[in-house]
Structure formats: C-alpha cells, structure tokens
Amino acid sequence: MKLRNSSVFKALLVIGSVIFFISCEKEFNTIGVDIVDDINFGLEKLTLDVLAYNHKLKSVSTNSLGAYQLGDFNDEIYGHYKASFVTQLTLSTYPALFGNYRQDVEELSDNGGSQDTINENERVTAVYLNIPYFSTALADTVDREENEPVSYRVDSIFGDRDAPFTLKVQEFTKFLRDLDPESGFQDAQQYFSDEDPSPFLSTVLYEGEQYINEEELLFFETEDDPDTEEDESETPSERLSPRLRIELDKDFFQEKILDMEGSQELSSSGFFLDYLRGIFVSIDVPTENINMLFDLFSNSDSELLPYIEIQYEYDAFSDNDTDDDTSDDGIVVEKSTFRINFNGNKVNYIQESEYPSEIAEKLNAETAADKIFLRGGAGTVATVDLSGGMDIDEAFGALMGKDVLINEANLIFYLDEEEIQKYGSPVSPERLYLYDIDNQTSLIDFNVDPVGNTTGASVKYPIFSGVLVDDDESDPYYKFRITEHVKRIINSDSTNVHLGLSLPLDISSVTNVKAYDAQGDEITVPRSSVMYPFGTILHGSAVSADNSDKRLRLEIYYTEPKN
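Keep in mind it's a predicted model, so treat the numbers as computed, not measured.

**Points about the overall build of the protein**
1) Next: Along the backbone of the protein there are 10 helices and 31 strands.
2) Next: Across the 563 residues in the protein, those meeting the buried criterion constitute 52%.
3) Next: Across the protein, every contact between residues at least 6 apart in sequence was considered, and the portion connecting residues at least 24 apart equals 79%.
4) Next: For the protein, the accessible surface area stands at approximately 25,500 Å², while carbon and sulfur atoms represent 44% of it.

Encoded structure:
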C-alpha cells in the first residue's frame, strides 16, 4: 500500500520525521551491531512470537505539550475527533500602563496638577487575537516588490484547507493553578483531556465564520511624506506570518483592561491570573475535516508568538514644540498598542466519538491482540511482551547461558492493509515509537542511536527506526532495532519489561506524560503521541494462516562457534 498524496501526509512530513529506509532484512550486520566475519562462526536466526495488548485511553495529561490541537474532523477508522484549548494570559508589563501616565498621575489633573497632566481617556479601537501557524518563509524565486507578500509554506494544517469553519473565543473562568494541593503543593498540577470546560465558559469574545489564510499579512499605515519622491504609504508598516487573526470584542477589553488601569488586578502577574483567568478557543467544521496545530508558548520563536493585541487611542497634551507660546497648546489624540501574552497553563480538551463496535470489542488489555489498534491524542496505545507470555528462560532458552553473540534483534510490525481498507483510504503513519512503558523511559537502542536527533539529518534515529517501509519488495511494515535491549535480557539477566507502542508526531520529543486507561489504571504515553490525532491498524500475533508471514515477531540474528 502506497502512501496517499494528501495534505495530511504532506503536513506530517514536515512536522514529524521524513520517510527513509536504512537497510533491508538481509543486511543484518549494520551500524551499531557486532560484526563477526570468521569461518569458525555460523550465522543463525531465531524468530520468536511476541504478544501485544491494546489499551483504550480514558484521558491524557495535556498541559505540557509542545503543540496544541484545534480541530473538528472525522477519522476514517476511529470516527469523530474534536479538540479545543484554553490558555492563561499575562500582561506584557506590570503594572499595566496605558498612554503616557499612570492612573494616579492622571487623577492629579482633577486636583490642580501640572498643566500637561491630563486625564488621557484611553479608548480601545480594536482588539486582535493572533495565533500563528507553523510556517516557513520560502526563498524568493522571482523578483518581488516590497509591497507584495512573501510566500510561505504552512505546515500545521491537516484536512481541507479551503473549508469554512466557525471559530469561537470565550472567557474562561476556572483558575488553573500551577501546583497540586494533593501533593502538598510540591508537584505540578496536571490537567487532562477529558475534563469538561463548559461550566467555566463565559463571555463570548468572538463567534463567526472563518477561512484559513496561508498568506503573509501586510499592513499599510504609514502616511506619505510629500517632501520625498518615494510613496511611503505603499511600504508595509508591519508584516505578519500566516496566522489566525481574529478581531475580538473591544468593549470587553475596554472594561476588563483599560478601565482597570491603576488597579490591583493589573499590578502583578499573580493578581492578573486570578482576575482574567484565560480564554477558550474552539471550532466547528461543517465538513468535519480540519485539524490545526499551534505553538502556544510565548517564549518560542518570535514568529510563532501567540498574543492578543489591544489597539487604543488616548488624549495627550501638546505644546506644538513652542515652549514659550501657550496660545497653541491643546489636546491631541495619540495611538498606541498593548499586548497580552499566552503565558501560564494551557490545556487541550479532546472529545472522541465511540469507536466502531468491531474495534471497541477488541480493546481489551487482558487479551493478546490479533490486531493492534493505535490512535494518537487520547486514543489508544499498545503494550508488547517480548517473551510471548512465557518466562524469560523459556522464551529465550535457545540463547541464554550459551556462548553466542547477538548481532541484531528486530521487532517487526506489519500494517493490516486488509482491515484498514475496510474504512476507506486513510494515510498510514510514517513512524511508530517504541519505549519502556514500565520504567517510563526510552529504550537503550534509542538512546545510543549514533544519528539520533542530529541537526540536518534526513531521518531522526534511523538505526533505532520504526519508520514505515513501503516498497515493492514486501508488504508495508515498521521495524525497530532493539539489539542492545535484547542483549541485556539474554546476557545480563535484565528484567523483561513491557514495551509501549504509540504514534509520535515528532520522534525527537519523547518525554512521557501521565494517562489513564479505560479501566482507570495509570499508564504513561509519549507527549508527542498526544499531539498526533490520527491512527492505524497493525497485525498482532494471532493471525490467519494466509497472513502468517505478517504476524508480530522478534527476529534475532546471532553467531555461535562451530563445533
């Protein structure tokens, strides 16, 4: 099965890893393994059956993600998926200052203060929500005028980029505390995907139809200088990368922000976080076919900074640059802006429809899976038992206690194409991620991959891999080299830990987060998988005779002295 040429796949190529195949099964002596080239040794291959178990997730922690989803779409396999988010806000400066003078100084004008001290009467003229897309400016291939937009590649939108959607922005009234009182305020408070935000939704700041705009935004606010040949009004005063840019309710910010100048609520971050507790952003898509990713952290690249911009005007005293002549003194109107940043806690809320019954009935963590169902977000993960349900000595008895050298160990998962195609033509994930779920950490083979996350590498962690192999020589599969992990089991009597299997958005981001499965048991999943909303189906160990060559298995290549 070839990967489909879709906008989803193209976007995932950029945000995640890039498909690249390092070696085929015949090339078992590769970088990072012991190579033996001696006539006194014989090469052997041991194939072991491996068991996998499906785990349906109930919730995942979503307040420490690298990117946040905003979407409303229908997955061909798993059904409807909707993601919204809330973010806390902080002022760009404390105490907040609007105009030229503090509020207490302005009030002196009513008590016979200095002549140039006046009540500035700050007035909001417009408020804009800015949430940039993940995007990259493209190198100019043709001459471009200064007043023409730069071309961008937008990488964070999956689905129908031309579809209209309804965007809604609301005030959020729940206080998102930093520390968990149940830990004696020692641990960070965690917020989960299945929490219900609706009781805390208040004033609607915007609701209306929007379209995705992938172009650079240009603003022309400079007046032409009649004393120059150049027309300055045709030169952009501001350029913004592609983004969601929405005009919010200005009366709300007049009352909540500008009219509160000089108050305790705007005097420090602590007071402000408890005063204006956040905003909630959601979308409804009639076609159910849009999902977007955003970087919501204000300490990120300046091009990706999300913020709210308040544009306002105020009265100012002017002496018209004539200090000795008061006859031309007067009040003028000045313009300025003030930013509110997306700092503090952020939470992604994820809603899923019920899975198809034929899938739901197989999501039993107690039964070995004949089909492995994987979905990112708050969907599903799998656990893998390399011993196939047996004791280590029994499972690896052919190698343990013997004078053998482990050359390579590969764990292989095949796509279940027949099952997938029952649901249409979904895009197959380009990569899987395998980790130590018992100890909540990455595997030794991941850690020692010599390429790893090297800048400029065409593929991250290519030796450890897990990249989809989809060519004409075999059915599509994912292969993990776990040689060092298997060596430790066989040669060092290490514990046969359970392995976790998930779908990562980005293999370089493998920090684990807390989750709960459908039975309420705690489980860990990679943070990166929470940011990946799509899914797939793999063959398990109990397959039909026709698919016996596609069963889940561990292949160990080893050498031992010849008698």
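**A short note on the pattern of salt bridges**
1) Next: Applying the stated criterion across every chain, the model contains 24 salt bridges.
2) Next: Its salt-bridge partner being E313, residue R123 comes within 3.4 Å of it at the nearest N-O pair. Of this pair, R123 sits in strand β6 (residues 123–132) while E313 sits in strand β17 (residues 307–318), placing them 190 residues apart in sequence.
3) Next: As a salt-bridge pair, D155 and R153 come within 2.9 Å of each other at their nearest N and O atoms.
4) Next: Among the residues examined, R153 registers a relative accessible area of 35% and is labelled partly exposed.
5) Next: Through salt bridges with shared partners, a single network forms among K371, D416, E419 and K422.

**Here's the deal with the sheet that holds β17**
Working definition: the strands of a sheet are paired by backbone hydrogen bonds and lie parallel or antiparallel to each other.
1) Next: Ordered by their spatial adjacency, five strands build an open sheet running β5-β18-β17-β6-β14, and the pairing between neighbours is antiparallel. With partners counted over all chains shown, the strands left at the sheet margins are β5 (90–91) and β14 (243–247), one partner each.

**A word on the environment of M260**
1) Next: Note on placement: M260 falls in the loop between α3 (250–256) and α4 (269–275).
2) Next: With 164 residues separating them along the chain, M260 and A96 place their C-alpha atoms 9.0 Å apart.
3) Next: Dropping the residues within four chain positions of it, M260 is found in contact with E255, E265, L266 and Y275.

**Details of the packing of aromatic side chains**
1) Next: Inspection of every chain in the model, using the stated rule, returns 21 aromatic pairs.
2) Next: Where F172 meets F200, the ring centres are 6.0 Å apart and the plane angle is 55°; that geometry is what we call tilted. Of this pair, F172 sits in strand β10 (residues 165–172) while F200 is found in the loop between β10 and β11 (201–210), placing the two residues 28 residues apart along the sequence.
3) Next: You can call F172 buried: its relative accessible area is 1%.
4) Next: Given a relative accessible area of 27%, F200 falls into the partly exposed group.
5) Next: Over the aromatic face of Y128 sits the side chain of R245, whose NZ or CZ is 4.0 Å from the ring centroid.
6) Next: One cation-aromatic arrangement involves K256 over Y275; the distance from NZ or CZ to the ring centre is 4.7 Å.

**What about the pairing of strand β21 (residues 380–385)?**
1) Next: By the criterion of burial, β21 is predominantly enclosed, with six of the six residues buried.
2) Next: Burial along β21 is two-sided: the residues T380, A382 and V384 and V381, T383 and D385 are all buried.
3) Next: Bridge count for β21 against strand β27 (residues 499–502) is three bridges, and the pairing is antiparallel. Bridge pairing in β27 links T383 to G500.

**A closer look at helix α9 (residues 483–491)**
1) Next: Every buried residue of α9 is accounted for by T483, H485, V486, K487, I489 and I490.
2) Next: Buried-residue contacts for α9 involve α6 (392–395), β22 (405–414), α8 (444–447), β26 (477–481), β27 and β31 (553–561).

**Looking at the nonpolar core**
1) Next: Core analysis: the biggest nonpolar cluster contains 124 residues, and F396, L411, I482, L554 and I556 have the highest contact counts within it.
2) Next: If one sorts the elements of this core by residue count, β17 sits on top with five residues.
3) Next: Beyond its immediate stretch of four places on either side in the chain, L554 contacts L46, T47, L48, V50, L386, F396, A409, N410, L411, I482 and V486.
4) Next: Of all hydrophobic cores here, the second largest spans seven residues; its members include L176, F280, V347 and Y349.

**What to know about the side chain of N54**
1) Next: By the element assignment, N54 lies in strand β2 (residues 51–60).
2) Next: Using a relative accessible area of 0% as the deciding quantity, one classes N54 as buried.
3) Next: Side-chain polar atoms of N54 contact the backbone oxygen of K362, separated by 3.3 Å.
4) Next: For N54, the contacting residues outside a window of four places in its chain are K362, L363, N364, A365, A369, K371, I372, F373 and V381.

**Focus on the side chain of D180**
1) Next: The residue D180 is located in the loop between β10 and β11 in this model.
2) Next: Buried charge D180 goes without a salt bridge, the closest partner of opposite sign being R177 at 5.1 Å.
3) Next: A polar contact of 3.0 Å, which involves the side chain of D180, links it to the backbone nitrogen of E182.
4) Next: What D180 contacts, discounting residues up to four positions off in sequence, is F185, Q186, D187, A188 and Q189.

**Considering the environment of R481**
1) Next: Tracing the chain through its elements places R481 in strand β26.
2) Next: Of the polar contacts made by the side chain of R481, one reaches the backbone oxygen of I463; its length is 3.2 Å.

**What to know about the pairing of strand β16 (residues 289–294)**
1) Next: When you tally the buried positions in β16, you get five out of six residues, the bulk of the element.
2) Next: Across six bridges, strand β3 (residues 68–75) lies against β16 in antiparallel orientation. From the neighbouring strand, D72 faces β16, where its bridge partner is I290.

**Describing the confidence of the model for the protein**
Low pLDDT means the predicted coordinates in that region are not meant to be read closely.
1) Next: This prediction gives the protein a mean pLDDT of 87; 88% of its residues lie at or above 70.
2) Next: This stretch, residues 1–39, has a pLDDT under 50; its non-local contacts, to residues over four places away or in other chains, come to 109 contacts.

**What to know about the environment of Y133**
1) Next: If you trace the backbone, Y133 turns up in the loop between β6 and β7 (135–137).
2) Next: Classification of Y133 as buried rests on a relative accessible area of 0%.
3) Next: Look past the residues within four positions of Y133 in its chain and what remains in contact with it is V154, S156, I157, I212, N213, P242, R243, L244, M292, F294 and L304.

**Description of unusual backbone geometry**
1) Next: Cis geometry is adopted by the peptide bond preceding P95, which originates at Y94 and carries an omega value of -15°.
2) Next: Within the secondary structure layout, P95 lies in the loop between β5 and α2 (103–106).
3) Next: At N121, a residue that is not glycine, the phi angle is positive and equals roughly 50°.
4) Next: Within the secondary structure, N121 is located in the loop between α2 and β6.
5) Next: N121 gets classed as partly exposed once you look at its relative accessible area, which sits at 37%.

Calculation criteria
- Residues numbered from 1 in each chain as written.
- Predicted model: local features only at pLDDT ≥ 70, side-chain atom pairs only at ≥ 80, totals over all residues.
- Heavy atoms only, no water.
- Helix = DSSP H or I, 4+ residues; strand = E, 2+ residues; numbered from the N terminus.
- Buried < 20%, exposed > 50% of the residue type's maximum accessible area, 1.4 Å probe, protein only.
- Contact = heavy atoms within 4.5 Å.
- Areas by Shrake-Rupley, 256 points an atom, 1.4 Å probe, with all protein chains shown as cover.
- Salt bridge = Lys/Arg side-chain N within 4 Å of Asp/Glu carboxyl O.
- Pairing = 2+ DSSP bridges.
- Phe/Tyr/Trp six-rings, centres within 6.5 Å; stacked < 30°, edge-to-face > 60°.
- Lys NZ or Arg CZ within 6 Å of the ring centre and 35° of its normal.
- Core = buried A, V, L, I, M, F, W, Y, C linked by side-chain atoms within 4.5 Å.
- Polar contact = N/O pair within 3.5 Å; in protein donor to acceptor, adjacent residues only side chain to side chain.
- Lys, Arg positive; Asp, Glu negative; His and termini not counted.
- pLDDT = per-residue confidence, 0-100.

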